[in-house]
Amino acid sequence: MATMRPPRLGPWRTKKAPGSMPGTLSIDPSMPKPVIRVIAYGPDALVEKPVESLDELPGLLAEHPVCWVNVDGLGDAEVLTGLGQIFGLHRLALEDVATLHQRAKAEPYGQQLFIVTRMVFLNERLETEQVSLFLGERFVLTFQERPGDCFEPVRQRLRKGQGRIRQAGPDYLAYALLDAAIDQNFPVLEAMGERLEALENRVMDRPDPSSVSAIYEARRDLLALRRAVWPQREMLSALLREENPLFAPETRLYLRDCYDHISQIIDMVETDRELAGGLLDVYLSSVSNRMNEVMKVLTIIATIFIPLGFIAGLYGMNFDTASPWNLPELGWRYGYPAVLTAMAALAGGMLYYFRRKGWLGGKR
C-alpha cells in the first residue's frame, strides 16, 4: 500500500521577485510553521525530543556523536535563518531550501554537503515533496515542506539500535534517509501499475468518454513521477563519481545500492508511461470497433429492408385489376398473405446468407 497523507492545502511553491539579492528567503505565509524534532544518538545512547527553542541545539550537538535535526514546515523565515546561523549554512543553500521547485542535486558548501531529493505520495493524485538535507561532520539537518514523511522506518531502526546505523556516522544516516525516500517510489509504482491494469480492463470491456480523462490523469501522474526520479539518478551518480570526505568509503558502497534502486524505478516508470500511452490507442481502437459493429448491424438491417421495401412499394401502387399487365395476385383471395410469406422468406434467406459469410458472427 502506498503511504497516505493529507492533501496539500494550496499552491506552496514560492518565487522571489526578479533581481532579488542572492540568498533572499521568499516564504509563503500559508505554509506550515516549522516543527523541529531532534534525534541525537551514539552507540550506547539515544535522545529523541521536540525542540521548543533553537538555543537547545548547540548543547545537543556537543553532547552526542550524531545529531539528526528534522524540520517539518518552512513557514517562518526567522527560524530558517536561525538554523542557518547555528549550523553555518550557506545563504544560497538556505534559499534553495525555501524554493520548492528544485531538482534533485548534491552540492558541496565548504565542510558541508547540501542534497536535494524528493518524496512521492499517492492519494487521489500523485504528490511530490522536496526534502533538503545538509550533511556535516556530526549532524544531518533535514527540511520538509510539511509534516508526514517516509522516514519512520529509519527512526525505528535508530530507536531499537537495529543494524549498524547507531554505530556509524552521519553519512550512513544520510544514506538511510536517501534510501527511504527512493524506496518510497516502489509502493507508489505498484499502485500505479494496478491503476493502469484496471484502466486497461475498463477500456477493453466498457470504453466510455470518462476513460479518456482517467488515462490522461494517469499519464500526468507518471510524468510528474518521472520528473521527480530522473534527477535523483544524476544526483546519486554525482555522489558516487565525486569523492567527498563526508562520505566514508564503506558508505559509498551503500550509495551504489541506491543508484541501482533508482535505475530500476526509472525503468518501471518508462514502462508504465508506454503502457499509459498505448491505452489511448486501445481506447480509440475499442471505440472504432464498437462503431464498426453498430454500423454493420445497421447496414445489414438496411440491406434486408431494401428488397422488402421494393416489394411493398411495388404492390402499393394499386393499379386497376382489369388490365392484364397489372401485378399478379391482386385479385387473388390469398394474395396478401402470400406476398408477406414471400417477403419473410426473402429476409430469412438473406440472414442465413449473411451468417454463412460470417457477417453475423457465424464462421466463414
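This structure is a prediction, so every number in the text was calculated from the model and none was measured.

Calculation notes
Residues numbered from 1 in each chain as written. Predicted model: local features only at pLDDT ≥ 70, side-chain atom pairs only at ≥ 80, totals over all residues. Heavy atoms only, no water. Phe/Tyr/Trp six-rings, centres within 6.5 Å; stacked < 30°, edge-to-face > 60°. Helix = DSSP H or I, 4+ residues; strand = E, 2+ residues; numbered from the N terminus. Buried < 20%, exposed > 50% of the residue type's maximum accessible area, 1.4 Å probe, protein only. Lys NZ or Arg CZ within 6 Å of the ring centre and 35° of its normal. Polar contact = N/O pair within 3.5 Å; in protein donor to acceptor, adjacent residues only side chain to side chain. Pairing = 2+ DSSP bridges. Axes fitted to C-alpha atoms, helices over the stretch in contact; angles between N-to-C directions. Contact = heavy atoms within 4.5 Å. Parallel < 35°, antiparallel > 145°, perpendicular 65-115°, else oblique. Left-handed = near helix turned anticlockwise from the far one by under 90°. Nonpolar A, V, L, I, M, F, W, Y, C, P; charged D, E, K, R; others polar. Core = buried A, V, L, I, M, F, W, Y, C linked by side-chain atoms within 4.5 Å. Salt bridge = Lys/Arg side-chain N within 4 Å of Asp/Glu carboxyl O.

Peer 1: It is not clear to me how the packing of aromatic side chains should be interpreted in this structure. Could you clarify?
Peer 2: Geometrically, a pair of aromatic rings is defined through the distance of the ring centres and the angle of the planes. In this structure the tally under the stated criterion is eight aromatic pairs. For the ring pair phenylalanine 87 and phenylalanine 139, a centre distance of 4.8 Å and an interplane angle of 55 degrees mean the geometry is tilted. Taken together, the residues phenylalanine 87 in helix H2 (residues 77-87) and phenylalanine 139 in strand S7 (residues 139-144) connect sequence positions 52 residues apart. The pair phenylalanine 87 / phenylalanine 139 is uniform in exposure class, with both members buried. Clustering of aromatic rings is evident, with ring pairs tying together Tyr109, Phe114, Phe134 and Phe143. Sitting over the ring of tryptophan 230, arginine 233 keeps its end group 4.6 Å from the ring centre.

Peer 1: Could you clarify how one ought to interpret the side chain of arginine 146 in this entry?
Peer 2: Here arginine 146 is to be found in the loop between S7 and helix H4 (152-160). In this structure the side chain of arginine 146 is engaged in a polar contact, spanning 2.9 Å, whose partner is the side chain of glutamate 127.

Peer 1: I would appreciate a short explanation of the sheet that holds strand S5 (residues 112-122) in the present structure.
Peer 2: In a beta sheet, neighbouring strands pair by backbone hydrogen bonds and run either parallel or antiparallel. Spatially, the seven strands line up as an open sheet ordered S2-S1-S3-S7-S6-S5-S4, and their pairing is mixed. Looking along the sheet, the strands with just one partner apiece sit at the ends: strand S2 (46-51) and strand S4 (105-109). Taken over all neighbouring pairs, the strand axes of this sheet differ in orientation by 20 degrees on average, direction set aside. On top of the sheet, helix H3 (residues 91-98) reaches S4, S5, strand S6 (126-135) and S7; it is set at about 160 degrees to S6, its chief contact. Sheet strands touched by H4: strand S1 (35-41), S2, strand S3 (66-72) and S7. Its angle to S3, the strand with the most contacts, is close to 145 degrees.

Peer 1: Sorry if this is basic, but what is going on with the packing of helix H7 (residues 209-241) against helix H8 (residues 249-315) here?
Peer 2: Relative to each other, H7 and H8 sit at 160 degrees, their axes nearing to 8 Å. Here H7 is positioned roughly antiparallel relative to H8, judged by the angle of their axes. Seen along the crossing, H7 lies across H8 with a hand that is left-handed. Of the residues in the contact of H7 with H8, the class split is 23 nonpolar, five polar and nine charged.

Peer 1: In this structure, what is going on with the environment of isoleucine 265? I would like to understand it.
Peer 2: Relative to the helices and strands, isoleucine 265 is located in helix H8. Once the C-alpha coordinates of isoleucine 265 and asparagine 185 are considered, the two residues, 80 residues apart in sequence, prove to be 7.1 Å apart.

Peer 1: Sorry if this is basic, but what is going on with the environment of arginine 206 here?
Peer 2: With respect to the element layout, arginine 206 can be found in the loop between helix H6 (185-205) and H7. Judged by its relative accessible area of 53%, arginine 206 falls in the exposed class. Sequence-wise, arginine 206 and valine 287 are 81 residues apart; in three dimensions their C-alpha atoms are separated by 9.3 Å. Apart from the residues lying within four places of it in its own chain, the contact partners of arginine 206 are Asn201 and Ser211.

Peer 1: Whenever I open this one, the nonpolar core confuses me. Can you help?
Peer 2: Across soluble globular proteins, nonpolar side chains have a tendency to be buried as a group. Of all hydrophobic cores here, the largest spans 61 residues; its most connected members are Trp68, Phe151, Leu173 and Leu239. Cys67, Leu80, Leu89 and Phe134 belong to the second-largest nonpolar core, a separate cluster that totals 30 residues.

Peer 1: Just checking my understanding: could you explain the pattern of salt bridges for this structure?
Peer 2: Where charged atoms of side chains with opposite charge meet at close range, the side chains can pair. All chains considered together, the criterion is met by 16 salt bridges. Notably, a salt bridge pairs glutamate 234 with arginine 103, separated by 3.0 Å at the nearest N-O pair. Taken together, the residues glutamate 234 in helix H7 and arginine 103 in the loop between H3 and S4 connect sequence positions 131 residues apart. A salt bridge links aspartate 221 to arginine 125, with the shortest nitrogen-to-oxygen separation between them at 3.1 Å. Of this pair, aspartate 221 sits in helix H7 while arginine 125 sits in the loop between S5 and S6, and the two are 96 residues apart along the sequence. Given the relative accessible area of 2%, aspartate 221 is considered buried. Connected via shared salt-bridge partners are Arg37, Glu48, Asp149, Glu152, Arg155 and Arg159.

Peer 1: Even after reading the chapter, I still don't get the packing of helix H5 (residues 170-183) against H8, so can you show me in this structure?
Peer 2: A pair of packed helices can be characterised by two numbers: the angle between their axes and the separation between those axes. The geometry of H5 relative to H8 is characterised by a closest axis approach of 10 Å and an angle of 10 degrees between their N-to-C directions. Looking at the two axes, H5 sits roughly parallel to H8. The residues of H8 that touch H5, namely those facing Asp171, Tyr172, Tyr175, Leu178, Asp179, Ile182 and Asp183, are Thr251, Tyr254, Leu255, Asp257, Cys258, His261, Ile262 and Ile265. Residue classes in the contact of H5 with H8 are distributed as nine nonpolar, two polar and four charged.

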